[in-house]
Each structure stands twice: as structure tokens, then as C-alpha cells.
Amino acid sequence: MRFEIYHQLGFRYKWNLESIQNENSGDGIIIAPRHMKKEEVEKLDIKTNQKAIFDPQMFNPHKVHPNMSTYGFYPSMIMPDGFSTGKYSPYSSHCANQCIDFQIEKDFRFITIPTRYYGEMPSISDLIAFQNEQFVNPFLTYIKNQKISKDVILQVVLNGYMIKNKEYASDLLTWITGVDGIKGVYLITEFPHPNRQIEDSDFLLSLLDFVDVLYQNELIVILGYLNAESLLLSIANPSIVTIGSYGNLRIFDSSKYWDDAESGRGPNRIYVPKLLDWIEFDYFALIKNNFPNFLDFSDNEYTRTLLSPSYNGNAVKLPFQHFFIEGSKQLRDVNALDNKDRYIKVCEIIESAIRGYSELEKAGFRLDKYGSNLPKWLTAANLFASKRGWRR
């Protein structure tokens, strides 16, 4: 199955739009109210909107970021005394109606039913009952009453506890696949990974299995906030995978919806496709100056600048322009293949990256945390493939 590449937009959303238009680095966008005021969204052209997914981001119903307050449909804004779980039901329809009206007015690709964020692992019956009562039912009722014909997607945010608990994940899948009126799922996973790459094979395998069940049930599956693991997850046949610029658009962090402060930029990093990771500029400069053939970038104006002797890492925009091209190229290469062939290609890319780190280590580099995730990725891919009879 072919998938599409969507850009997860942040406050530098213009960079994404430029790259999609000029370099064909994506097929659409996911709009985030936390990063884009309503007036900014209203300036997007109709063609962009029709390929866009709107994420209402109602993860924390008690609080809204200043940018989000420009939309007016958040629970804490609609309720006179702020959000209260026990008192919200009478207001849920009002919230749903306004949120849907905005999505219809802007002619976005889907109608998105939002979700609340849950930490750890609440009772599955409580989670399902709350979601149905305060989000799913009000949204679907209004959609039915207004005879809205757009496809509807249900947003689901899962953490590692939920995904790795087989019984819990199975109950979630039973609920999701039984919701009458939705065509797909916008799935976001939160899993702490201090090294910026997921190193838990069990989590990755469980996520692959979860996505596969949704695919087997003929649901649209949109995977949000992905880093380089998007390549690995592609073997489970998602409909849409995402790429983003800054780290907070490639790794979901729920704390951003409890705190208005913006996180500062980390050290300057450059995406190296051969290594499947963003490498700190100091390492990148050493590789560039001592082993220039190792990088093997596509030939374009951005990589020519990155590889020039004069580039010293001071251009903020450039690494992301480079990544949009290189990251989307890797995804499109595997997208041309199906099932076993895609799995084999993904494994070849991962194995090549492992060899790349080995080459650098033999040359004297001590990259510490870099690359330690890749054997875990390969393990998850192989175990998933074994279940499907793809194993080499």
C-alpha cells in the first residue's frame, strides 16, 4: 500500500509550505493551533486546505495556549468557570459544533475528532466511556445531523504503557474499529526517549502490530509526530506518515500543553540519511572535512551549501530545508515497494546505517549514543516480518 508524506507544522510552518511547493517534499500538512493562530490558518489557500489535516489539540481541556485561544472552541473557554470533567457533558455539543464548523469552513481534508491526553494507563472502560461521551458522540451526532459528507478521523494518543499491554491495546482496537462513522485514525504515540530515537523493541513491535490491525480493518491510518522511525513503521502499511522540522514536531511531548513556555533550541544538528539520525554539527563538520564521500547527500542548493567549506552551522533554516528533501526521498524510495519488498528495503537501510557507524568508529569517531537504537529497530522489523511470513 502506498502512503503519503505529511508535514507536521510548527511555528516555522512557512518553511514546510515552501519545501512542499518548491521541492515536492510532502503531499500535505497537519495544522497545529498551538503554533498557528486562527488568522494564520485563514490565510492558507484553498488548495493547501484541501490536503490539510486540522489537529484541534484538545489534549489538556483545562488550559489553552495563547495561540489556541484565537479559535474559541476549547472546553476551558466555553465553560463559564473553566473546564470541569464532571460538568462538561452539557457543553460538549457546543464545543464539537464549533470545532466541526471551522473544519468545514476551511474545507480541510478530514473532520478530526479530538482526544484528551491520558498519562500512564487509566481504566480502559473509563477511557472509552469518557471519550465517547465528551468527544466521539457529540462530534458524530453533529456530523450526522448536518449531513456532512467528509471522511471523519478519530484522534488517539497512546503512551508506551497502553501500547505494550496486549490486553489493553486489544481493547482499544476493539473500541476504535467498532466506532460507527469514522474512516480512520490519527494516531500519536508518546514514548520518552532521551537519546531522541526510540530504543525499545517491544514498544516498536507493539506499535507495528497496532497499526497493522487498523490497516487490516481498512481504516485510514495517520501516524503523527514521527522521527526517522517513520521508515520502520512504513512496513505496517500506514496511510500517512509525518516529517517535521524541530524536535518537538518529530517527538510528541504532552507537557507542551500544560506549559506555555517554548523550549529552547538544542545544539545545531544536521540530518545524515546514511546514519538515519540528526548529527551534532561538530561531528558533521569532522565527517565533512575528513570523509566527504561518506555523506552521500542529494545534489541540491541546500546540500551544496552544507558541504561547502564556508558553512559553519549558523544558518537556522538550512538544516531543515535539507532534511525535508532527504527525509522525504528516503520515504518515497520505500514507498515504491510493498509488503515483503518494503520490509527488505527498510532492513537494508537500517543495516547500512549500522555499518556506517562502524566505519566511523574504525576511523576514530566516538559517537556515544548515536546508532544504539538501530539493532532494536531491526529486531522489531524482523519479528513483525516473521509473523507475516516475510522473513529472509
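From a predicted model like this one, the values you see are computed outputs, not experimental measurements. (Residues numbered from 1 in each chain as written. Predicted model: local features only at pLDDT ≥ 70, side-chain atom pairs only at ≥ 80, totals over all residues. Heavy atoms only, no water.)

(A) Focus on the packing of helix 9 (residues 201-216) against helix 15 (residues 374-387). Direction vectors running N to C along helix 9 and helix 15 enclose 40°, while the axes themselves pass 8 Å from each other. Taken together, the axis directions place helix 9 and helix 15 in an arrangement best described as oblique. At the point where helix 9 passes helix 15, the crossing takes the right-handed sense. Listed contacts from helix 15 to S201, L204, L205, L208, D209 and D212 of helix 9 are K376, W377, T379, A380, L383, F384 and K387. Considered class by class, the residues forming the contact of helix 9 with helix 15 number 7 nonpolar, 2 polar and 4 charged. (Axes fitted to C-alpha atoms, helices over the stretch in contact; angles between N-to-C directions. Helix = DSSP H or I, 4+ residues; strand = E, 2+ residues; numbered from the N terminus. Parallel < 35°, antiparallel > 145°, perpendicular 65-115°, else oblique. Left-handed = near helix turned anticlockwise from the far one by under 90°. Contact = heavy atoms within 4.5 Å. Nonpolar A, V, L, I, M, F, W, Y, C, P; charged D, E, K, R; others polar.)

(B) Geometry of the pattern of salt bridges. Counted by the stated rule, this structure contains 16 salt bridges. The partner of K369 in a salt bridge is E280, with the nearest N and O atoms 3.8 Å apart. Placement of the pair is K369 in the loop between helix 14 (339-362) and helix 15 and E280 in strand 10 (residues 277-280), with a sequence separation of 89 residues. Here K369 falls in the partly exposed class, since its relative accessible area comes to 33%. One salt-bridge network, held together by shared partners, links D209, D212, K387 and R388. (Salt bridge = Lys/Arg side-chain N within 4 Å of Asp/Glu carboxyl O. Buried < 20%, exposed > 50% of the residue type's maximum accessible area, 1.4 Å probe, protein only.)

(C) Just the sheet that holds strand 3 (residues 52-54), in detail. Strand order in the open sheet formed by 8 strands is 3-2-1-8-7-6-5-4, with parallel pairing between adjacent strands. A single partner strand is all that each edge strand has here, and the edge strands are strand 3 and strand 4 (111-113). Between one strand and the next, the sheet's axes are offset by a mean angle of 25°, whatever the strand orientation. Bridging between strand 5 (residues 152-159) and strand 6 (residues 184-190) involves 7 bridges; their strand directions are parallel. Within strand 6, the position partnered with Q155 by the bridge is Y186. Most of the contacts of helix 6 (residues 124-145) go to strand 4, to which it runs at about 155°, and overall it touches strand 4 and strand 5. Sheet strands in contact with helix 13 (residues 318-335) are strand 1 (4-8) and strand 8 (240-244), and its direction is about 160° off that of strand 8. (Pairing = 2+ DSSP bridges.)

(D) The arrangement of the side chain of D55 in detail. If you trace the backbone, D55 turns up in the loop between strand 3 and helix 4 (75-78). Here D55 occupies a buried position and makes no salt bridge, while the nearest side chain of opposite charge, R34, is found at 11 Å. Only 3.0 Å separates the side chain of D55 from the backbone nitrogen of Q57, close enough to count as a polar contact. Among the polar contacts made by the side chain of D55, one reaches the side chain of Y186 at a distance of 3.4 Å. (Lys, Arg positive; Asp, Glu negative; His and termini not counted. Polar contact = N/O pair within 3.5 Å; in protein donor to acceptor, adjacent residues only side chain to side chain.)

(E) Geometry of the pairing of strand 9 (residues 269-272). In strand 9, alternate side chains face the same way, and those of R269 and Y271 on one face and I270 and V272 on the other are all buried. Of the pairings in the sheet, the one linking strand 9 to strand 10 comprises 4 bridges and is antiparallel in character. Each bridged residue has a counterpart across the sheet, and for V272 the counterpart in strand 10 is D277. Where strand 9 folds back on strand 10, the antiparallel hairpin that results is connected by 4 residues, among which L276 adopts a positive phi of roughly 55°.

(F) The arrangement of the nonpolar core in detail. If you look at the biggest cluster of nonpolar residues, it comprises 126 residues, and the most contacted ones within it are I31 and F210. In contact with I31, other than residues within four places in its own chain, are L9, M36, V41, L44, A52, I53, F54, D55 and F108. Grouped together as the second largest cluster of nonpolar side chains are 15 residues, F59, V157, I188 and I240 included. (Core = buried A, V, L, I, M, F, W, Y, C linked by side-chain atoms within 4.5 Å.)

(G) Just the pairing of strand 8, in detail. With 5 of 5 residues buried, strand 8 lies mostly within the body of the structure. Both faces of strand 8 are covered, namely the face carrying I240, T242 and G244 and the face carrying V241 and I243. Sheet analysis places strand 1 next to strand 8, joined by 5 bridges and oriented parallel. If you follow H7 over to strand 8, its bridge partner there is I243. Across 2 bridges, the pairing between strand 7 (residues 220-223) and strand 8 is parallel. In the strand pairing of strand 8, I222 is matched with I240.

(H) Summary view of helix 14. In this model, helix 14 (24 residues) spans 35 Å end to end at C-alpha, consistent with the 34 Å of a helix rising 1.5 Å per residue. Taken residue by residue, helix 14 has R342, Y343, I344, V346, C347, I349, I350, A353, G356, Y357 and L360 as its buried positions. (Expected span 1.5 Å × (residues − 1).)

(I) Geometry of the layout of surface pockets. Estimated volume of the second largest pocket: approximately 460 Å³. Counting residues per element, the ones that place at least two in the lining of the second largest pocket are helix 1 (13-23), strand 2 (28-31) and helix 3 (46-50). With 5 residues, helix 1 is the single largest residue contributor to the lining of the second largest pocket. When the residues that make up the lining of the second largest pocket are grouped by side-chain class, the tally is 5 nonpolar, 5 polar and 7 charged. (1 Å grid on protein atoms, 1.4 Å probe; cavity = no way out; pocket = protein on both sides within 12 Å on 5 of 7 lines; lining within 4 Å. Points joined across faces, edges and corners; volume = space filled by probe spheres on them.)

(J) Expanded view of the state of the cysteines. Within this structure, the stated rule accounts for 0 disulfides. With no disulfide of its own, C95 has C99 as its nearest cysteine by sulfur position, at a separation of 6.3 Å. (Disulfide = S-S within 2.5 Å.)

(K) View of unusual backbone geometry. The phi dihedral of Q57 is positive, around 55°, even though this residue is not glycine. Take Q57: it is sitting in the loop between strand 3 and helix 4. The phi torsion at Y225 lies on the positive side, around 55°, for a residue other than glycine. Along the chain, the position of Y225 falls in the loop between strand 7 and helix 10 (230-233). The class for Y225 is buried, based on a relative accessible area of 5%.

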